[in-house]
Amino acid sequence: MKTALVYSDAWTRFDYGAEHPLRMERLGLTWRLMAAYGLTARPGVSVHAPEPASEGAIAAFHAPAYLEVLRAANGGVEPRGAARWGLGPGDNPVFPGLWDAARVCAGGSLLAAELVASGAATRAFHFAGGLHHAMRERASGFCYVNDAVLAILHLRARGLRVLYVDIDAHHGDGVQAAFYEEPGVLTISTHERGDYLFPGTGFVEEMGAGAAVGYAVNLPLEPFTGSDVYLPAFEAVVPPLVGAFAPDVVVAQLGIDSHRTDPLTHLELDVQGFARAVRRIVELAPRLVALGGGGYDLQNVARGWTAAWAAMNDVALPAALPAAFAGDARRHEFQVATLWDEPAPQPAHRRVRAEEYVQRQVDAIRRLIFPTHGL
Ligand SMILES: [Zn+2]
């Protein structure tokens, strides 16, 4: 089995701004932890640096007028009427090199898709990708260009059947919207419920439209949902749908902002629960294009995505972080010296509340969506 890691240090040229929660250095930190574990230079592993995607390739999803605005914003000065396109102070700032950064990110996910489509790799991971909120003509939620949608479109153009699964703490609204009327792509998103968290959508009742009713699947979660409640719900929903839909390729968005110390969300997964979900996706996917996503506590991001990449290579890692990583762990104030988290028992009332909520969602999915797929 061949696996491909898509990575370059292009991120060092870009910065959303000092106050912005999306820290580009999370990418370098993740790469260094993977390298310290020996995961970047193993037999069967190839590493690929992406080229920026062409504007034409990005126009496969995004409106040309929006791309013109992104291009005009590349100098770091807000173009006139930027707010109309979702750009401006706050979530989607205009920063120097914005368009270059978006193009490299899109190029990385397109490269991961092509490596898998061509058979060069069975599983590819582009952890700088997964910017799932970008809409056809609007930046949203730190995302300017939707590389996940572009990767799916690329696989579709190669004649492949695609299932998208998104385990970020936020609803994968941009990807859902892109394929809402397209039964050739099944989208599944698990996330904190939209009445507590951005982007406010992702309820079970959003099921797709027209010929694609039943092809958008949402599993919302109560705040404080931990791994022990999350994993059985994931298991009840994802494997049956993957089995019934029988994709050629799974595209997975592996945001790790579901972690209990993430500063932007209220879910309570630990790294081992996140890694367990990733292992299930790896087992279920005949071929896999994996992307990153959210994750705003740097140590979770590095540990979670390293665990994810280990899973994609069928490697069990030693729990202790490698000695070669000690300097980084110190500089970034890692709270634990291991890949995995300490157990953190929850108050029973929170667990019960999370369990009852998610059970209602699973029941609704079984009632409303499973019959469409013969389940
Ligand atoms: Zn997120």
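The shown structure was predicted, so the numbers you read here are calculated from the model rather than taken from an experiment. (Residues numbered from 1 in each chain as written. Predicted model: local features only at pLDDT ≥ 70, side-chain atom pairs only at ≥ 80, totals over all residues.)

If you tally the helices and strands in the protein, you get 11 helices and 8 strands. For a compact globule of 375 residues, the expected C-alpha radius of gyration is about 21 Å, and the protein comes in at 19 Å, within 12% of that figure. By principal-axis analysis of the C-alpha atoms, the protein measures approximately 55 × 50 × 40 Å. (Helix = DSSP H or I, 4+ residues; strand = E, 2+ residues; numbered from the N terminus. Rg over C-alpha atoms; globule rule 2.2 N^0.38 Å.)

Counting buried residues along strand β7 (residues 249–253), 5 of its 5 residues qualify, which places the element largely inside the surrounding structure. The side-chain alternation of β7 yields two buried faces, one formed by Val249, Val251 and Gln253 and the other by Val250 and Ala252. As paired elements, strand β4 (residues 162–166) and β7 share 5 bridges and run parallel to each other. The partner of leucine 163 across the bridge, within β7, is valine 250. Both β7 and strand β8 (residues 288–291) contribute to a ladder of 4 bridges, which runs parallel. Counted as the bridge partner of alanine 252 is alanine 290 from β8. Taken together, β7, helix α8 (residues 271–284) and β8 constitute a β-α-β crossover, and its handedness is right-handed. (Buried ≥ 20, exposed ≤ 12 C-beta atoms within 10 Å, placed from the backbone. Pairing = 2+ DSSP bridges. Right-handed = clockwise from strand over helix to strand, strands pointing away.)

Quick look at the sheet that holds β8 now. With parallel pairing, the 8 strands of this open sheet are ordered in space as β2-β1-β3-β8-β7-β4-β5-β6. Looking at the sheet topology across the chains shown, the edges are occupied by β2 (45–48) and β6 (216–221). With strand direction ignored, the average angle separating the axes of adjacent strands in the sheet is 15°. As paired elements, strand β5 (residues 185–192) and β6 share 6 bridges and run parallel to each other. (Axes fitted to C-alpha atoms, helices over the stretch in contact; angles between N-to-C directions.)

Every α-helical turn comprises 3.6 residues, leaving residues that sit three or four positions apart pointing alike. Counted residue by residue, helix α5 (residues 147–157) has 9 buried out of 11 residues, so it is predominantly covered. All buried positions along α5 are accounted for by Asp147, Ala148, Val149, Leu150, Ala151, Ile152, Leu153, His154 and Leu155. Just downstream of α5, glycine 159 is the residue with a positive phi angle, here 80°.

With 21 residues, helix α11 (residues 348–368) ought to run about 30 Å at 1.5 Å a step, and its terminal C-alpha atoms sit 30 Å apart, in line with that. Buried within α11 are the following residues: Ala354, Val358, Gln361 and Ile365. Down the axis of α11, the smallest arc covering the buried residues is 55°, so these residues share one side. Exposed positions of α11 whose direction lies more than 90 degrees from the buried face are Ala348, His349, Val352, Glu356, Asp363 and Arg367. As for α11, its buried residues are in contact with β6 and α7 (227–245). (Expected span 1.5 Å × (residues − 1). Arc of directions from axis to C-beta. Contact = placed C-beta atoms within 7 Å.)

Attention now moves to the environment of valine 250. Along the chain, the position of valine 250 falls in strand β7. Classification of valine 250 as buried rests on a count of 25 C-beta atoms within 10 Å. When the C-alpha atoms of valine 250 and tyrosine 164 are compared, they prove to be 5.8 Å apart, with 86 residues separating the residues in sequence. Those residues within four positions of valine 250 in sequence are excluded, and the remaining contacts are Leu163, Val165, Ile281, Leu284, Ala285 and Leu288.

We now examine the packing of α8 against helix α9 (residues 298–312). Contact geometry for α8 and α9: axes closest at 9 Å, N-to-C directions at 30°. The pairing of α8 with α9 is recorded here as roughly parallel in orientation. For the crossing formed where α8 meets α9, the hand is right-handed. Taking contact as the criterion, the partners of Val271, Phe274, Ala275, Val278, Arg279 and Val282 in α8 are, on α9, Asn300, Arg303, Gly304, Ala307, Ala308, Ala311 and Met312. (Parallel < 35°, antiparallel > 145°, perpendicular 65-115°, else oblique. Left-handed = near helix turned anticlockwise from the far one by under 90°.)

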